[in-house]
Amino acid sequence: LGVRLFERTKRSVRLSAGKEAEAKEAFGAALAIEPGNPVANHNLAMLALRNNEPDVAKRHFQQVLSHNENHVATLLSLAGVSQQEGDSESMVRYLQRAVAADPKDFRPRVLLARHYVLNGNAEQVAPLFSTLEPAVQTQVDVLNIRGLAHLELGEYEDARIVFEQVIKVQPDAPQPHYHLALAYRGLGDRDRMLVAFRKAVELAPDYVEPRIELARAYLQAQDKKAALEQLEHLRRLAPQRADYLQLQADAARLDGDQDEALRLSGQAFKVAPSSLNLVILVRQQLLMGRKEDALEQLDSWLKQNPADNTARMELANYYLVSGQIDAANAQYREVLQHNPNDSIALNNLAWNLRESDTAQALAFAQRAADAGPESVAILDTLAMLQMKSGDTAQALRT
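Residues numbered from 1 in each chain as written. Predicted model: local features only at pLDDT ≥ 70, side-chain atom pairs only at ≥ 80, totals over all residues. Heavy atoms only, no water.

Packing of helix α14 (residues 208–220) against helix α15 (residues 224–237) brings their axes to within 8 Å, and their N-to-C directions diverge by 150°. Taken together, α14 and α15 sit at an angle that is classed as roughly antiparallel. Judged by the twist between their axes, the crossing of α14 over α15 is left-handed. Together, V208, R211, I212, L214, A215, Y218 and L219 of α14 and A226, A227, Q230, L231, H233, L234 and L237 of α15 make up the contact between the two elements. Grouping the amino acids of the contact of α14 with α15 by side-chain chemistry returns 11 nonpolar, two polar and one charged. (Axes fitted to C-alpha atoms, helices over the stretch in contact; angles between N-to-C directions. Helix = DSSP H or I, 4+ residues; strand = E, 2+ residues; numbered from the N terminus. Parallel < 35°, antiparallel > 145°, perpendicular 65-115°, else oblique. Left-handed = near helix turned anticlockwise from the far one by under 90°. Contact = heavy atoms within 4.5 Å. Nonpolar A, V, L, I, M, F, W, Y, C, P; charged D, E, K, R; others polar.)

Below you can see the structure in the form of structure tokens.
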């Protein structure tokens, strides 16, 4: 998904430095005759990009659009430049224009869909392809991105169906097997998951992601021999990846070597400071009785990342378990400042306030049930508070 949009076009210019001036002169002569000429403008834009002159490149692309506002290849190239500059808003705008310019062209739709998947908006993918002709919807690029959107949305059965279609067309491509394995994992089918991960590795022995997942699955099953085999491959392929280091920490925990697990988790957090790696490190510190280190780690992180609700919930839950209810409630309220619909924070606040402020607790419980209507624990909290408030009929319904 990370392939830059304009890689396909910049290969069109392959000139030695000595011939660049000659090429510019020739393309410039063409533009003197036809200012909106796409070929000349695109080649001059690519030369500008090669010389790290994105503004010059954009002027050439805009010159094409001034004569043909629906030129899809130019819109895609501008989207690529915007992506390289980190301007996601402009990239999306150009891709949306390209989609509107040619309703039958699936390329801008695939690129826009990739952006949506990568940025947590996978629900916007399906409408992009709904109007395409059936034959186009079975293109491998379209199927792949639809499958990834299903995975992102937790629609694992739909993802399975799509990736099996991809594999029929490309049986020797490793990525569809890897993605199929993720679908099987979501469906709780461990045996088929392992088969698909192994197939991906068989087709591409240096493919890191399926080896990471295989090692994780084997460690969870406490199959140390199989896990170590994958970890040995990963030591060669990705020795500094944080997820590999965390798997090594898991293996150390399995051996009862808590000091080594702590060292590896700390190294993983240093390599990739993230909420997930922070939580793993903090839990290891707490497991080893290093409460002050854990709290200091969380406090330092939250000062720099106050909107990180994952870390804040970890701190809140520490206070809850240690009986510091007021401190826990303060953290849950802070979570709600950043995400008013966090069902766990709402539920825990409701339960903690059930004796001291039943009316407010009931309001929190109702909000939690609205946000997480399928959670048994949340519904139980709501029913208990309805009963405590004297509404036994509603409590029975809940």
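Two measures describe an aromatic ring pair: the distance that separates the ring centres and the angle between the ring planes. A complete count under the given rule lists four aromatic pairs for this structure. Ring geometry for Y178 and F197: centres 5.9 Å apart, planes at 40°, overall tilted. One end of the pair, Y178, is in helix α12 (residues 174–187); the other, F197, is in helix α13 (residues 190–203), and 19 residues separate them in sequence. Taken together, the ring pairs connect Y178, F197 and Y207 into an aromatic cluster. Directly above the aromatic system of Y94 lies the positively charged group of R93, at a separation of 5.9 Å from the ring centroid. (Phe/Tyr/Trp six-rings, centres within 6.5 Å; stacked < 30°, edge-to-face > 60°. Lys NZ or Arg CZ within 6 Å of the ring centre and 35° of its normal.)

A few words on the pattern of salt bridges. Scanning the entire structure with this criterion turns up 19 salt bridges. Of the charged contacts in the structure, one is a salt bridge between K58 and E85, with a shortest N-O distance of 3.1 Å. Of this pair, K58 sits in helix α4 (residues 54–67) while E85 sits in the loop between α5 (72–84) and α6 (88–101), and the two are 27 residues apart along the sequence. Assessed through its relative accessible area of 23%, K58 is described here as partly exposed. The exposure class of E85 is partly exposed, given its relative accessible area of 39%. For R160, the salt bridge identified is with E164, shortest N-O distance 2.8 Å. (Salt bridge = Lys/Arg side-chain N within 4 Å of Asp/Glu carboxyl O. Buried < 20%, exposed > 50% of the residue type's maximum accessible area, 1.4 Å probe, protein only.)

With that settled, the discussion passes to a nonpolar patch on the surface. A contiguous nonpolar patch, built from W351, M384 and M387 and spanning about 270 Å² of accessible area, is present on the exposed surface. Here W351 lies in helix α22 (residues 343–352). Take W351: its relative accessible area is 31%, and that puts it in the partly exposed class. (Patch = residues over 30% accessible without salt bridge, like charges linked within 9 Å, V, L, I, M, F, W, Y side chains within 5 Å. Areas by Shrake-Rupley, 256 points an atom, 1.4 Å probe, with all protein chains shown as cover.)

Each packed pair of helices is defined by two parameters, the angle between the axes and the distance between the axes. In contact at an axis separation of 7 Å, helix α20 (residues 309–321) and helix α21 (residues 325–338) are set at 160° when each is read in the N-to-C sense. Between α20 and α21, the angle is such that the two are roughly antiparallel. In this structure, α20 meets α21 at a crossing whose hand is left-handed. Across the interface between the two elements, N309, R312, M313, L315, A316, N317, Y319 and L320 of α20 pack against I325, A327, A328, Q331, Y332, E334, V335 and H338 of α21. Here the contact of α20 with α21 is built from residues that sort into 10 nonpolar, four polar and two charged.

In this section: unusual backbone geometry. Positive phi outside glycine occurs at N52, with the angle close to 60°. Looking at where N52 falls in the secondary structure, it is placed in the loop between α3 (38–50) and α4. At Q222, a position not held by glycine, the phi torsion is positive, near 55°. With respect to the helices, strands and loops of the structure, Q222 is situated in the loop between α14 and α15.

As a further point, take α6. The α-helix winds at 3.6 residues per turn, so residues separated by three or four positions along the chain end up facing the same way. Taking 1.5 Å of rise per residue, 14 residues should cover 20 Å, and α6 covers 20 Å from first to last C-alpha, within 8% of that figure. Turning to α6, its buried residues are S90, M91, V92, Y94, L95, A98 and V99. Turning to α6, the residues buried within the fold contact α4, α5 and α7 (107–118). (Expected span 1.5 Å × (residues − 1).)

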